[in-house]
Amino acid sequence: MNNFFFNTILLKGSNVSNHIRKNLTLQINELKKTYNITPKLSAILVGDNPASQLYIKSKEKAFKKMDCISETHNLPINTTESNLIELIKGLNNDNSVHGILVQLPLPKSLDSKKILHSISPEKDVDGFHPMNIGYLYQGEPKYVPCTPGGIIEILDFYDIPTERCHAVIVGRSNIVGKPMYGLLAQNLRKGNATVTMCHTGTKDLSYFTKQADLLIIAAGIPEFIKGDMISEGTHIIDVGINRVNDASEKKGYKIVGDVDFFDCFDKSASITPVPGGVGPMTITMLLSNTVTSAKNSI
Ligand code: NAD
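Student: For this particular structure, what's the right way to read the site of the ligand?
Tutor: As a structural note, the neighbourhood of the ligand is formed by 21 residues, with Arg172, Ser173, Val239, Ile241 and Thr282 the closest of them. Separating an oxygen atom of the ligand from a backbone N or O atom of Ala218 is a distance of 3.5 Å. Relative to its unbound accessible surface of 850 Å², the ligand loses 72% to contact with the protein. When its residues are assigned to classes, the shell around the ligand shows 10 nonpolar, 10 polar and 1 charged.

Student: How do you make sense of the nonpolar core when you look at a structure like this?
Tutor: Most often, soluble globular proteins have nonpolar side chains that are buried together. Within the largest apolar cluster, 46 residues are counted, with the highest numbers of intra-cluster contacts made by Ile151, Ile154, Leu155, Leu184, Ile216 and Ile237. Among the secondary structure elements, those contributing two or more residues to this core are helix 1 (13-35), strand 2 (40-46), helix 2 (50-65), helix 6 (146-157), strand 5 (166-170), helix 7 (177-185), strand 7 (214-217) and helix 10 (279-296). Broken down by element, this core gets its largest block of residues, 7 residues, from helix 10. When sequence neighbours within four positions are dropped, the list of residues in contact with Leu155 reads Ile160, Thr162, Leu184, Lys190, Leu214 and Ile237. In this structure, Val46, Leu110, Ile115 and Ile119 belong to the second largest nonpolar core, which totals 16 residues.

Student: What is the right way to look at helix 10 in this model?
Tutor: Side chains three or four residues apart in an α-helix point the same way, a direct result of the helix having 3.6 residues per turn. Given a rise of 1.5 Å per residue, 18 residues ought to cover 26 Å, and the 27 Å separating the end C-alpha atoms of helix 10 matches this to within 8%. Burial in helix 10 covers these residues: Met281, Ile283, Thr284, Met285, Leu286, Leu287, Ser288, Asn289, Thr290, Val291, Ser293 and Ala294.

Student: Where do I start with the sheet that holds strand 4 (residues 99-102) in this structure?
Tutor: As a general point, the strands of a sheet are linked pairwise by backbone hydrogen bonds and lie either parallel or antiparallel. The strand order 3-2-4 describes an open sheet built from 3 strands, whose pairing is parallel. The open sheet has two edge strands, strand 3 (69-75) and strand 4, and neither has a second partner. Within this sheet the neighbouring strands show an average axis-to-axis angle of 20°, counted without direction. Pairing analysis gives 4 bridges linking strand 2 to strand 4, with the strands arranged parallel. Considered in strand 4, the bridge of Ser42 is made with Ile100. Helix 2 contacts strand 2, strand 3 and strand 4 of the sheet and is inclined by roughly 160° relative to strand 3.

Thresholds applied
- Residues numbered from 1 in each chain as written.
- Predicted model: local features only at pLDDT ≥ 70, side-chain atom pairs only at ≥ 80, totals over all residues.
- Heavy atoms only, no water.
- Near = heavy atom within 4 Å.
- Polar contact = N/O pair within 3.5 Å; in protein donor to acceptor, adjacent residues only side chain to side chain.
- Areas by Shrake-Rupley, 256 points an atom, 1.4 Å probe, with all protein chains shown as cover.
- Nonpolar A, V, L, I, M, F, W, Y, C, P; charged D, E, K, R; others polar.
- Core = buried A, V, L, I, M, F, W, Y, C linked by side-chain atoms within 4.5 Å.
- Buried < 20%, exposed > 50% of the residue type's maximum accessible area, 1.4 Å probe, protein only.
- Helix = DSSP H or I, 4+ residues; strand = E, 2+ residues; numbered from the N terminus.
- Contact = heavy atoms within 4.5 Å.
- Expected span 1.5 Å × (residues − 1).
- Pairing = 2+ DSSP bridges.
- Axes fitted to C-alpha atoms, helices over the stretch in contact; angles between N-to-C directions.

Below you can see the structure in the form of structure tokens.
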């Protein structure tokens, strides 16, 4: 292991999240005091996927803690597409609702694209609507998908350079990789980088990851990136959240990222831990987008 960088910075999402939430509290208080508006999220959960239930619960908790409203519409697994779209249309027209979120994944019987497209772009606090992705790619983002938005905040908070840097993204999902590319490639706050996007069609991934000044991994493969795949001084953002069996843990499993943290730590200039890196940012950015929507409703 190379000890070139003795002072690797640990990029803790909780520090960034606390900072943003302090600022959001001021905005929420102002909305209440001056306009009698309480930011409200309407989440829709179809079926009883335990992981989705857990995500929805943590969103509800976070909104409550910030004195905002989060209501959840729990729908049975056999809900029809037309019933779901009717519910979304009602929420689109409800002035008390500022953000609408459909918890993914949806049951296979439902067309996720059609359903996500039925959310009003003005209330699309997940930032998945094609119109919001279009705004982002035109360099005028309105609602930025929460995970890439949170990563920009981490880069900003810790003053990680992006301008004139080579950013390499591994993963091209609609929720992380693609919007991340759009944000970093343009001349936006914490952008103006030269960006390479790698995916399952990439030949010789290491060739690219070794060139990265900033490496963002969202591949969903436990501890996939090893120390010999990066160069000294790389800034690493690990988006992965993977559950792996571990008999030494009380729960029988542990959560790891897509980066082999201990193998890469000494070589990296900075790195997000998993858990505690990107994860804490996602709900905070959902709050932030909902507050923005509430402000836009004035
Ligand atoms: P995904 O699971 O939809 O797709 C994975 C991507 O990785 C694909 O685009 C694929 O092309 C690429 N990929 C897979 N194997 C590869 C390989 N061998 N070489 C190069 N590229 C490869 O992606 P996702 O939904 O963005 O999720 C990725 C990871 O991020 C998951 O672990 C997920 O749990 C996590 N995640 C975390 C947060 C958070 O809040 N921290 C949010 C979203 C996703």
